[in-house]
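Inside the fold
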Amino acid sequence: MNRRTITAKAWLLLPLGLLLLTGYRFSQLEDSSQLQPQAPHAVKVQTELLTPERLTGWAFSEGTVQAYRKAFLDFEMPGKVVAISKLENGTQLREGVRVFGPDEAVQRGQLLAQIDSRQNSASVTALEARLQAVRAQKQEAQARLQQAENDLALSRQNFARMEEVYERGVISQDEYERNKTALLNAQSTVRMSHSALDAIESDILSVSADINRETVSLEKTSLFAPFNGYIAAMNIREENHYYPPAGITSNRDREASSAIVVVDDSLLEIQLELPVEDTRQLEEGQTVYLASDDSTLYQAEEAQFVGNDVVTGTIWSVSPTINLQRRSQTVKVRVDNDQQQLIDGEFVRAWIATTVVDNAISLPIYAISFRSGNAFAFIVNDNGQVEERQLTLGLQGLRRIQIIDGLNDGEQVVTRGQHLLINGSPVDVVGAIQ
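Residues numbered from 1 in each chain as written. Predicted model: local features only at pLDDT ≥ 70, side-chain atom pairs only at ≥ 80, totals over all residues. Heavy atoms only, no water.

The next thing to look at is the layout of surface pockets. Regions of empty space are outlined by a rolling probe, equal in size to a water molecule, passed over the atoms. Here the largest pocket is characterised by a volume of approximately 510 Å³. In terms of lining, the largest pocket is formed by 16 residues, of which the most central are R54, T56, W58, E301 and Q304. Listed by contribution, the elements that provide at least two residues to the lining of the largest pocket are β2 (53-73), α6 (294-302) and β13 (347-360). Residue composition of the lining of the largest pocket, grouped by class: seven nonpolar, three polar and six charged. (1 Å grid on protein atoms, 1.4 Å probe; cavity = no way out; pocket = protein on both sides within 12 Å on 5 of 7 lines; lining within 4 Å. Points joined across faces, edges and corners; volume = space filled by probe spheres on them. Helix = DSSP H or I, 4+ residues; strand = E, 2+ residues; numbered from the N terminus. Nonpolar A, V, L, I, M, F, W, Y, C, P; charged D, E, K, R; others polar.)

Laid out in structure tokens, this is it:
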């Protein structure tokens, strides 16, 4: 096929192509003329009608329960444990057993244990025997003093008569001098008797002091309950030797090494560490809610802390200084534990109401959106469309956040589905919380 033939065929196909292109364009115009404008699709959302309500801010912390009174009892000298007191059923004292301290009727608490004290007992016995002997000497000295005083009285009477008759010249000078000497001797005997009695009384005081000293040593070989409570740890056994611990400072080590640990669980204390901004809102006497976990406290708060297992305590003290290591302030909470709801050593969570705002406009936390760090939400207007509102946030509660500015009482706010919205979007409210 030559070049002329190809060119002729190309000129024949050109009109045919133009004809097909023109038909396709007319068909497009016809289809576009049949299209109708469609309204934007309404987004299904859930809303909430704003109503002022009470909002509470909380401070959260955790701590370990400690008995306000805990005694670490140790013998003050080494020795063999010869006795551990027994219960009415004949069994020995042990962990968990309640013991009783001194009261108005009993000056010394319940005897708990003893180590071998025979040497101290022998010393006390010897000193008591000596004391009895010195007391007998005192009685003899008192009798001698009484006799000397009687002799002195008689000598005074005799000398008075002799002096009278001597002045009348009835007796001689020698006889007068003998009666005078007898009076002086009687006075001297009384003075010596007084001195002897004073010496014996001093000896009694000295022996009594020795007895008291040995008795104190004897008491150091026995352990008594210092107050009402229970035995938390028993680290001794009968017939085993005991040696006092040395160089121990922490309560954990003392509990493991002391002979007996007694705990008064009627009053408990929990030490909390809180941020400085939270402690500014706290004061002594404020209620603290305590439980083993946050879920229990969360459920109790929903029921307004009525009919639940949450324990309540009160703030005893708020430290005015900041802990340099933790950069926090120490808050001590005390709990009356008469119903035995908490135990010493238990770990608890603590909730404290710091701020309460009445008639607060608030939103659920999930209803607030953020863009570039700025909070906003959508309200539904009378036309069924949404309006975007910029929000100023305030107090944050457990589930809701206070809206200081941006929303008003009675407005309908989108709480679910807001991620599909822009300003002016039409909505279909499928769930509304009144």
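Pairing between side chains of opposite charge can happen when their charged atoms approach one another. In the structure shown here, the tally under the stated rule is 21 salt bridges. Measuring nitrogen to oxygen at the nearest pair gives 3.4 Å for the salt bridge that ties R130 to D203. You can see R130 sitting in helix α2 (residues 118-167) and its partner D203 sitting in helix α3 (residues 173-219), a full 73 residues away along the chain. The exposure class of R130 is partly exposed, given its relative accessible area of 40%. Of the residues examined, D203 reaches a relative accessible area of 25% and is grouped as partly exposed. (Salt bridge = Lys/Arg side-chain N within 4 Å of Asp/Glu carboxyl O. Buried < 20%, exposed > 50% of the residue type's maximum accessible area, 1.4 Å probe, protein only.)

What follows is about the environment of A136. On the secondary structure map, A136 appears in helix α2. Along the backbone, A136 and I200 are 64 residues apart, and their C-alpha atoms lie at a distance of 9.7 Å.

Now for the sheet that holds strand β5 (residues 111-115). Across the sheet, four strands lie side by side as β6-β5-β3-β8; this open sheet has antiparallel pairing. Every interior strand has two partners, whereas the edge strands, β6 (222-224) and β8 (241-242), have only one. Summarising the sheet, strand β3 (residues 79-84) and β5 pair through three bridges and their orientation is antiparallel. Within β5, the residue paired with V81 across the bridge is I115. (Pairing = 2+ DSSP bridges.)

The sheet built from three strands is open, its strands ordered β14-β19-β18 with antiparallel pairing. Since the sheet does not close on itself, it has two edges, and those belong to β14 (362-364) and β18 (392-396), each with one partner. On average, each strand axis in the sheet is tilted by 40° relative to the strand beside it, whichever way the strands run. Strand direction decides the pairing type here: β18 and strand β19 (residues 400-405), joined by three bridges, are antiparallel. Opposite T392, over in β19, you have D405 as the bridge partner. (Axes fitted to C-alpha atoms, helices over the stretch in contact; angles between N-to-C directions.)

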